[in-house]
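# Observations on chain architecture
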Amino acid sequence: MLETSQRLLALLALLQTRPAWTGAELAEELEVTTRTVRNDIDRLRELGYPVDATRGPAGHYQLGVGAKLPPLLLDDEEAVAVAVGLRSGGTVAGMAESSARALMKLEQVLPHRLQRQVNAIHQAMEKGPENTGSNVEAPEIDAAVLSMIAACIRDEHYLRFEYHVPEGVSMRSAGSGVGADLPILVEPYRLVSWHAYWHLVARDEVGVWRTYRVDWMSLRMATGRKYAPKPMPAEDYINFVLRDVATTGWAVHARITVFAPAQEVLSRIHAAVGIVESIDDNTCVLVTGADSLEIIAVYIGMLGLDFHVDAPPKLVEHLETIGNRYLQAIRQPG
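Residues numbered from 1 in each chain as written. Predicted model: local features only at pLDDT ≥ 70, side-chain atom pairs only at ≥ 80, totals over all residues. Heavy atoms only, no water.

Attention shifts here to the packing of helix α6 (residues 112-124) against helix α7 (residues 143-155). Their axes nearest at 8 Å, the elements α6 and α7 cross at an angle of 70°. Regarding the angle of α6 to α7, the classification is roughly perpendicular. Of the residues in α7, those in contact with Arg116, Gln117, Ala120, Ile121 and Ala124 of α6 are Leu146, Ser147, Ala150, Ala151, Ile153, Arg154 and Asp155. Split by residue class, the contact of α6 with α7 holds 7 nonpolar, 2 polar and 3 charged. (Axes fitted to C-alpha atoms, helices over the stretch in contact; angles between N-to-C directions. Helix = DSSP H or I, 4+ residues; strand = E, 2+ residues; numbered from the N terminus. Parallel < 35°, antiparallel > 145°, perpendicular 65-115°, else oblique. Contact = heavy atoms within 4.5 Å. Nonpolar A, V, L, I, M, F, W, Y, C, P; charged D, E, K, R; others polar.)

Glancing now at the nonpolar core. In terms of nonpolar packing, the biggest core is built from 33 residues, with Ile149, Leu191, Leu200, Tyr212, Val214 and Met217 touching the most fellow members. When residues of this core are traced back to their parent elements, those giving at least two are α4 (76-87), α5 (96-109), α6, α7, β4 (159-163), β5 (180-194) and β6 (197-203). The greatest single-element share of this core, amounting to 7 residues, is contributed by α7. Judged by nonpolar contacts, the second largest core, of 22 residues, contains Val276, Ala290, Ile300 and Ile322. (Core = buried A, V, L, I, M, F, W, Y, C linked by side-chain atoms within 4.5 Å. Buried < 20%, exposed > 50% of the residue type's maximum accessible area, 1.4 Å probe, protein only.)

For helix α10 (residues 293-303), the complete set of buried residues consists of Ile295, Ile296, Ala297, Tyr299, Ile300 and Leu303. Contacts made by the buried residues of α10 are with β9 (252-258), α9 (262-266), β11 (283-290), β12 (307-309) and α11 (313-330). One or two steps after α10, the chain reaches Gly304, where phi turns positive at roughly 70°.

As a further point, take the pattern of salt bridges. All told, the structure shown has 13 salt bridges when counted by the stated rule. Close ionic contact of Asp40 with Arg43 constitutes a salt bridge, the shortest N to O distance being 2.8 Å. Of this pair, Asp40 and Arg43 both sit in helix α3 (residues 34-46), 3 residues apart, which is roughly one turn of that helix. Given a relative accessible area of 0%, Asp40 falls into the buried group. The salt bridge involving Arg213 is made with Asp215; its shortest N-O contact spans 2.8 Å. Judged by relative accessible area, which is 13%, Arg213 ranks as buried. (Salt bridge = Lys/Arg side-chain N within 4 Å of Asp/Glu carboxyl O.)

Within the element layout of this structure, Thr283 appears in strand β11. Leaving out residues up to four positions away in the same chain, Thr283 has contacts with Thr257, Val258, Phe259, Ala260 and Ser278.

Here we take up unusual backbone geometry. With an omega of -5°, the peptide bond running from Ala311 to Pro312 counts as cis. In this fold, Pro312 is placed in the loop between β12 and α11. Of note in the backbone geometry, Glu31 takes a positive phi value of approximately 60° without being a glycine. Residue position: Glu31 is located in the loop between α2 (23-30) and α3. Residue Glu31 is classed as exposed on the basis of its relative accessible area, which comes to 66%. Backbone geometry places Glu156, a non-glycine residue, at a positive phi of 60°. Relative to the helices and strands, Glu156 resides in the loop between α7 and β4.

Mean pLDDT for the protein chain: 80, with 81% of residues reaching 70 or above. In the predicted structure, residues 170-174 sits below a pLDDT of 50 and forms 20 contacts with residues beyond four places in sequence or in another chain. (pLDDT = per-residue confidence, 0-100.)

The structure is reproduced here in structure tokens:
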């Protein structure tokens, strides 16, 4: 049986996981009697936690709404995930200050081992430009995987993993990382988050810089072997990922004739996610890509410039569809 203080924390954690619990259910989870549960509920109330009780055949306990927010009980992965989310909260307009305050409070109560994990991720991560969103569902990322990769970056340890491209996904969507059933050994340098994807920038065994999608990595046992780091300049990691994904990682590629000077187009996009080829003083070609036809259409529209597209055919068809949709929206009914 748990000690009283541990049991109170376990009881509070259970009450936070779902709206209602019967006394018998709590007693079974905590391996105590229902009388002990009632006593522990009274102790929580004395400590200021509002626990509501409903009597009768459908009787249950639930954590009520109090004047103050009760402390949240998080497991290790949840704590790391929240801290990482708060680290990136500063990129949301108006939330930088509140995210920083919340993160400071969280880090004050994190155990030292979790503080090291959170700090390692923070020091190892960069965030790419968020010039538009994506209608492609973001992959699920295991916080433990991020933590392990970040720890290897912090400690300058080789990272060993298998890299599997999901069935039905073109290898060009894997970036410059090469899939392999055998473990890959790399020098890890930076984690870059961009449009909901996490990419690892690493140097492979022959010294070539590559990007790897973190959600396609299966980590193997830690090597514990140190490498002599030869890093890129700090600001180059994001640009490397953007260039690498732009040339190999997009599901859709397009060449768009834009009726504006090349310099004008370059001033409206991130240079790493598109190549601009000048034709004359008033015309250029933008070579770019995205995860879907819809996102390409958004990119083009956000340029705010006249353009012409003749390939790929599916993009032309999609632009025709949304063009007719917009026209229909402004036509008089009937």
